[in-house]
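A closer look at the structure
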Amino acid sequence: MVEIRGQLGEGDLLGVVRAAFGERDLVSVERLRGGSKKGVYRLVLDDRTTSIAYVWNADEDYWPEAASKEESDPFGHASGLDLFEAAHAALSSIAVRVPRVVMVDRSRSLLAGEVAVLEDVRGGTLEALWDRDPRRAGRVLARLGDVVRAMHGSRRDRYGRPRADRAGSTDPVERIVLRRALGHLADAAAGVDRIAGAEHRLRDLLHERHAAVAPRTEYGFIHGELGPDHVLVDDRDEPVLIDIEGAMFFDVEWEHAFLELRFGTRYSCLRRDDLDGDRLRFYRLALSLSLIAGPLRLLGGDFPDRPVMLEIVEHNVGRTLAQLP
């Protein structure tokens, strides 16, 4: 069994609680599963109220150090308090519900790392609600459709993070995606025999789909990884977006390629009829390759939820090969 790094307890987080809430005691701490770039902890206080602590430090980040951490890189390593605050402000400005911030600390005096204490939205994820109460989940999903349209309707004439003054590259976004996808194809072929056997055909298909994409100079605001596990449900059945550090201005087709994958048959509530079909086809292939290469990188380290990563790899190997003519 892989040992979980960065497991903080009551003694570690008591100072955070008192900085956020005053002279309160911390009854218990629960590390929530799923994070690969930050630690997410539920804090239970002495009056049984709860809050969430995000902790960004090296012990909580399972990704290799080679990942780009430039804020101007649209596909840079989406981690840290600065990216969180910029995305939180941008989403709040267009009335997208995100957890309320109680306190932030970047001094590294409370913990070895940056910390944010947030409202604990206790309704669980939209993904879990589908199994518990499909009718209620349908209402939340319809509201999420409005949220996605509001985000994608927020436009800018340059791509990148919301607070970045300029894009990290002057290349068209589709060229950045092509370059990244070719790297992911090489990584996937090195780790999966079925991809290696089709590597040349997949490379040709990437170039073919990229060549069909027309230029564009306006971009919408996207979450980047908007699946039903990144949507919490509050007590008014409003969708609440989490894991927002990767939010950026980009082609909305990139988001829709991800939405198709993660929402499956329920994607119809989020569908748009005005998307660029050539761009969407290109991004579907690039996204599938990224969801092979990324999990393979995590599996090469000590990420604890290995069965989940293996399942993602296997699913996207199938999706990738199914796109070959």
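Refer to the structure printed above.
In short, a report on the structure. All figures in this text were calculated on a predicted structure; none of them were measured in a lab. (Residues numbered from 1 in each chain as written. Predicted model: local features only at pLDDT ≥ 70, side-chain atom pairs only at ≥ 80, totals over all residues. Heavy atoms only, no water.)

Here the focus is the overall build of the protein chain. Across its full length, the protein chain holds 10 helices and 10 strands. Taken over the C-alpha trace, the protein chain has a radius of gyration of 20 Å; the compact-globule value for 325 residues is 20 Å, and the two agree within 12%. Out of the 325 residues in the protein chain, the part that is buried amounts to 51%. Of the contacts formed within the protein chain by residues at least 6 apart in sequence, a portion of 68% connects residues at least 24 apart. Accessible surface, the protein chain: about 15000 Å² in total, of which carbon and sulfur atoms supply 48%. (Helix = DSSP H or I, 4+ residues; strand = E, 2+ residues; numbered from the N terminus. Rg over C-alpha atoms; globule rule 2.2 N^0.38 Å. Buried < 20%, exposed > 50% of the residue type's maximum accessible area, 1.4 Å probe, protein only. Contact = heavy atoms within 4.5 Å. Areas by Shrake-Rupley, 256 points an atom, 1.4 Å probe, with all protein chains shown as cover.)

Let us look at the packing of aromatic side chains. Taken as a whole, this structure holds 11 aromatic pairs when the rule is applied. Where phenylalanine 75 meets tryptophan 254, the ring centres are 5.3 Å apart and the plane angle is 70 degrees; that geometry is what we call edge-to-face. Of this pair, phenylalanine 75 sits in the loop between strand 3 (50-56) and helix 2 (81-93) while tryptophan 254 is found in helix 8 (residues 252-263), placing the two residues 179 residues apart along the sequence. Among the residues examined, tryptophan 254 registers a relative accessible area of 4% and is labelled buried. Their ring planes at 75 degrees and their centres at 5.4 Å tell us that tryptophan 254 and tyrosine 283 sit as a pair that is edge-to-face. In this pair, tryptophan 254 sits in helix 8 while tyrosine 283 sits in helix 9 (residues 277-299), placing the two residues 29 residues apart along the sequence. Per residue, the accessibility class of tryptophan 254 equals that of tyrosine 283, and both read buried. Joined through ring pairs, the aromatic side chains of Phe75, Phe250, Trp254, Phe282 and Tyr283 make up one cluster. Against the face of tyrosine 54 rests lysine 38, its NZ or CZ located 4.7 Å from the ring centre. (Phe/Tyr/Trp six-rings, centres within 6.5 Å; stacked < 30°, edge-to-face > 60°. Lys NZ or Arg CZ within 6 Å of the ring centre and 35° of its normal.)

With that settled, the discussion passes to the environment of aspartate 131. Looking at where aspartate 131 falls in the secondary structure, it is placed in helix 3 (residues 126-132). We classify aspartate 131 as exposed; its relative accessible area is 71%. Expressed as a C-alpha distance, the spacing of aspartate 131 and alanine 90, which sit 41 residues apart in the sequence, is 32 Å.

Let's shift gears to the side chain of histidine 223. Topologically, histidine 223 is positioned in the loop between strand 7 (219-222) and strand 8 (231-233). At 3.0 Å, the side chain of histidine 223 forms a polar contact with the backbone nitrogen of glutamate 225. In terms of polar contacts, histidine 223 uses its side chain to reach the backbone amide nitrogen of leucine 226, at 3.3 Å. Those residues in contact with histidine 223, other than ones at most four positions away along the chain, are Met151, His230, Leu241, Ile242, Asp243, Ile244, Gly246, Ala247 and Glu255. (Polar contact = N/O pair within 3.5 Å; in protein donor to acceptor, adjacent residues only side chain to side chain.)

Here we come to the nonpolar core. Ranked by internal contacts, the top residues of the largest apolar core, which has 83 residues, are Tyr54, Leu126, Leu144, Ile195, Leu241 and Phe263. The biggest single contributor to this core is helix 9, with 11 residues. Ignoring sequence-local partners within four residues, the contact set of leucine 144 consists of Leu126, Val231, Pro239, Leu241, Phe263 and Leu270. (Core = buried A, V, L, I, M, F, W, Y, C linked by side-chain atoms within 4.5 Å.)

A word on the pattern of salt bridges. By the definition in use, this model includes 35 salt bridges. For arginine 18, the salt bridge is made with glutamate 23, and the minimal N-O distance between the two is 3.7 Å. Judged by relative accessible area, arginine 18 falls into the partly exposed class, the value being 31%. Between aspartate 229 and arginine 262 there is a salt bridge, with the nearest N and O atoms lying 3.0 Å from each other. Taken as a pair, aspartate 229 in the loop between strand 7 and strand 8 and arginine 262 in helix 8 lie far apart in primary sequence, 33 residues in all. Here the residues in one salt-bridge network are Glu174, Arg216, Asp251, Glu253, Asp276 and Arg279, joined through shared partners. (Salt bridge = Lys/Arg side-chain N within 4 Å of Asp/Glu carboxyl O.)

Most of strand 2 (residues 39-45) is tucked away, with seven of its seven residues classed as buried. Residues of strand 2 alternate between two faces, with Gly39, Tyr41, Leu43 and Leu45 on one and Val40, Arg42 and Val44 on the opposite face, all of them buried. Here five bridges tie strand 1 (residues 26-31) to strand 2, and the two strands are oriented antiparallel to one another. Bridging across to strand 2, glutamate 30 finds its partner in arginine 42. Relative to strand 3, strand 2 runs antiparallel, the two sharing six bridges. Note on strand 3: the bridge partner recorded for leucine 43 is serine 51. (Pairing = 2+ DSSP bridges.)

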